[in-house]
Amino acid sequence: MAIDNTATDKQPLDQLKTSALDRRLSIAKASLSIGRRWATNSAFGLFKSKEEKAAQKQVFMREQAQYLVTELGKLKGSVVKIGQMLALYGEHFLPPEITEALQTLNDQTSAFAYPIIEAALIKELGEKLQEFDINPVPIGTASLAQVHQATHKTTGEQVVFKVQYPNIADAIDSDLNLFRQLLKVSNAVPQTRQLDDWFEEIRDLLHHEVDYRLEANTTMLFYQRLANDPRYAVARILPQYSTRRVLCMTYEAGVSIMDKQVFALPQARRDAIGQASIDIMLREIFEWGDMQTDPNFGNYLIRLAKDNHNEAAIDQLVLLDFGAIRQFDDTLLHVARELLLAGFYHDASRMRQALSEAGKFYPFFANLSEAVKDDLVALCLLASEPFSLPSHNPTIPAHALDDQGYYHWANSDLHNRVLKLAGKSAASKSFSVPPKELMFISRKFIGAYTFMTVLEARTKATALVANFVTAKHITHLS
């Protein structure tokens, strides 16, 4: 769950529209308003030139998108989550005005008044709830749940309860249909097969995410995986106080990556935190086959070592959320590994071969024109720049690489360079929507780029890749 800690400063909501009738009425009202606005805009544009109509349409689309987001934000729950997911992954099939507006949904989460949360806790835990003193003020909120800190009265153990909003899980399917209806009447989004596929993907992800038994199991799995690595902290699940709709776990303290204490750390400490964040991402993709698909800063905290000036001190990356985990099969992992190896050696022919092999499993790659394949090879090589050997990659900007071989993420401007080159490929008529699985991985890497840039961390390609590519792989492809 991407936690919005600023939401606790907003006025708490004392009611939740969870009934199907309430939500249908809200969507119907918004649909009528959007329809009237569209008709009015069309009427005013009858006698304008082509250029004037285009400019008017762009302004109107932004207004429509913002109105759409405002109405969605009032409903909370899975409708908001759907919008957030489309904002993350809809750039290839949604107008930019829509994706830009949907991205603001992350900032519109308000907390619910504690009586609503308390009623949900009592329903799930019954008398067990009497064992805790619970802080009625949430420490974080999200679209589907909010988090409250508590103290066990007998042991004094500090825990948190992640409490799902009442009836939210039951509204997922109807919310998806309502969301589709609202997009349709807005005339802003083409009703394509790609949109249908993504709605089904979102449906599966949401049903998975609202079952906290699954999240509890995944959290316990990651807890075991990382128990002996001092660089990470994962909450311990308390299964006796957890249900399908409530998750109880140990409270894990830390500060945001944006905290001034983090920026005050010695360079070596920030480098180590950055290395840890990349390592966990690569282990998810290449070793374990399951990945946290929500690359949001709210899903991480940093637990600082006591001595802020000791360069050898080990800080911990606190991993907070395992609800949006997605499993990947061996085929995808093989494709991803081959792409990473090609990038590691900055080898264009190897990258093209890796993309051709991917075409055996994903028609997206097989159907690309030769020109677009060339562009995609260049894009993949550029995107893998931080993971490439400097001795093999003469295109790394001088300002991004120091004389010790460290890659400086904040100096690289990599994100903007990738976006610029990606626009060239996406503009091609033969470029279709990439496979959903690769879009998840792409977003994960974008999240990592942002994390490393904000942290102003440095890395070395050999340290990044060596732990995830065996000598056999390297020898075979060299």
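Quick note: structure is the one above.
Attention in this report is confined to the structure presented alongside it. The model shown is predicted, which means the values in this text are computed figures rather than measured ones.

Points about the overall build of the protein chain
Point 1. In terms of regular secondary structure, the protein chain is built from 19 helices and twelve strands.
Point 2. Considering the protein chain as a whole, with its 478 residues, one finds that 54% of them fall into the buried category.
Point 3. If you take every contact in the protein chain between residues at least 6 apart in sequence, the share linking residues at least 24 apart comes to 73%.
Point 4. If you sum the accessible surface of the protein chain, you get close to 22000 Å²; carbon and sulfur atoms cover 54% of it.

Some thoughts on helix α7 (residues 193-209)
Point 1. Taking 1.5 Å as the rise per residue, α7 with 17 residues should run 24 Å; its terminal C-alpha atoms sit 24 Å apart, in good agreement.
Point 2. Those residues of α7 that sit buried are Leu-195, Trp-198, Phe-199, Glu-201, Ile-202, Arg-203, Leu-205, Leu-206 and Glu-209.

Digging into the sheet that holds strand β5 (residues 232-234)
Point 1. Strand order in the open sheet formed by three strands is β5-β9-β8, and the pairing between neighbours is mixed. Edge positions in the open sheet fall to β5 and β8 (300-303), since each of these has one partner strand only. Sheet twist, expressed as the mean angle between neighbouring strand axes with direction ignored, is 30°.
Point 2. Pairing of β8 with strand β9 (residues 316-319), which is carried by four bridges, proceeds in the antiparallel orientation. For Tyr-300, the partnering residue across the bridge sits in β9 and is Leu-319.

Here we look at the pattern of salt bridges
Point 1. Within the structure shown, the criterion is met by 21 salt bridges.
Point 2. Across the pair Arg-203 and Glu-200 runs a salt bridge, and its minimum N-O distance is 3.3 Å. Pair noted here: Arg-203 and Glu-200 are both in helix α7, with a separation of three residues, about one helical turn.
Point 3. In this structure Glu-200 comes out as partly exposed when scored by relative accessible area, which is 41%.
Point 4. Here the salt bridges share partners, and the residues they tie into one network are Arg-352, Glu-370, Lys-373 and Asp-374.

Here's the deal with the environment of Leu-247
Point 1. Looking at the element boundaries, Leu-247 is found in strand β6 (residues 246-250).
Point 2. When its relative accessible area of 0% is taken as the criterion, Leu-247 is described as buried.
Point 3. In sequence terms Leu-247 and Arg-213 are 34 residues apart; their C-alpha atoms lie 8.0 Å from each other.

Examining unusual backbone geometry
Point 1. Despite not being glycine, His-346 has its phi angle at roughly 50°, a positive value.
Point 2. Turning to its location among the elements, His-346 is positioned in the loop between α11 (330-344) and α12 (348-358).
Point 3. Positive phi is not limited to glycine here, since Glu-456 has a value of about 55°.
Point 4. As for its position among the elements, Glu-456 is in the loop between α17 (436-455) and β12 (458-459).
Point 5. Exposure remark for Glu-456: the relative accessible area of 45% places this residue in the partly exposed category.

A short note on the environment of Leu-176
Point 1. Take Leu-176: it is sitting in helix α6 (residues 172-186).
Point 2. Taking the C-alpha atoms as reference points, Leu-176 and Ile-202, separated by 26 residues in sequence, lie 8.7 Å from one another.
Point 3. Contact partners of Leu-176, with chain neighbours within four places excluded, come to Ile-82, Phe-199, Ile-202 and Arg-203.

Focus on helix α10 (residues 267-288)
Point 1. With 22 residues, α10 should cover 32 Å at 1.5 Å per step; its first-to-last C-alpha distance of 30 Å lies within 8% of that length.
Point 2. Most pronounced at Leu-282, the bend in α10 amounts to some 30°.
Point 3. The buried fraction of α10 is high, at 18 of 22 residues.
Point 4. Downstream of α10 by one or two residues, Gly-289 has phi in the positive range, about 80°.

Here we look at the side chain of Ser-242
Point 1. By the element assignment, Ser-242 lies in the loop between β5 and β6.
Point 2. Judged by relative accessible area, Ser-242 falls into the buried class, the value being 18%.
Point 3. Of the polar contacts made by the side chain of Ser-242, one reaches the backbone nitrogen of Cys-248; its length is 3.0 Å.
Point 4. When near neighbours in sequence (up to four residues on either side) are disregarded, Ser-242 contacts Ile-237, Leu-247 and Cys-248.

Definitions and cut-offs
- All residue numbers here refer to positions counted from 1 along the written sequence of the relevant chain.
- For this predicted model, a pLDDT threshold of at least 70 governs which residues receive local features, and a threshold of 80 or more governs which side-chain atom pairs are given and counted, while totals over whole chains, interfaces and linings are taken from all residues.
- Remark: hydrogens and water are excluded; side-chain values derive from all non-hydrogen atoms of the structure.
- Helix and strand assignments come from DSSP, with helices taken as H or I runs of at least 4 residues and strands as E runs of at least 2, each series counted from the N terminus.
- For each residue, the accessible area found with a 1.4 Å probe, counting protein chains only, is set against the maximum for its type, and the residue is called buried under 20%, exposed over 50%, and partly exposed in between.
- Whether two residues touch is decided by their heavy atoms; if any such pair falls within 4.5 Å, the residues are in contact.
- Each accessible area value is a Shrake-Rupley result obtained with a 1.4 Å probe; residue values ignore everything except the protein chains displayed when judging cover.
- Multiplying one less than the number of residues by 1.5 Å gives the expected span of a helix.
- Only when DSSP finds a minimum of two bridges between them are two strands counted as paired.
- Here, axes are lines fitted to C-alpha atoms. For helices the fit covers the stretch in contact, and angles between N-to-C directions go from 0 to 180 degrees.
- Within this document, salt bridges are pairs made up of a side-chain nitrogen of Lys or Arg and a carboxyl oxygen of Asp or Glu, the two lying within 4 Å of each other.
- The bend reported for a residue corresponds to the angle between axes fitted to the seven residues ending at that residue and the seven starting there.
- Any N or O atom pair separated by 3.5 Å or less is treated as a polar contact, with the protein-specific requirement of one donor-capable and one acceptor-capable atom, and with residues adjacent in sequence counted only for side-chain atom pairs.

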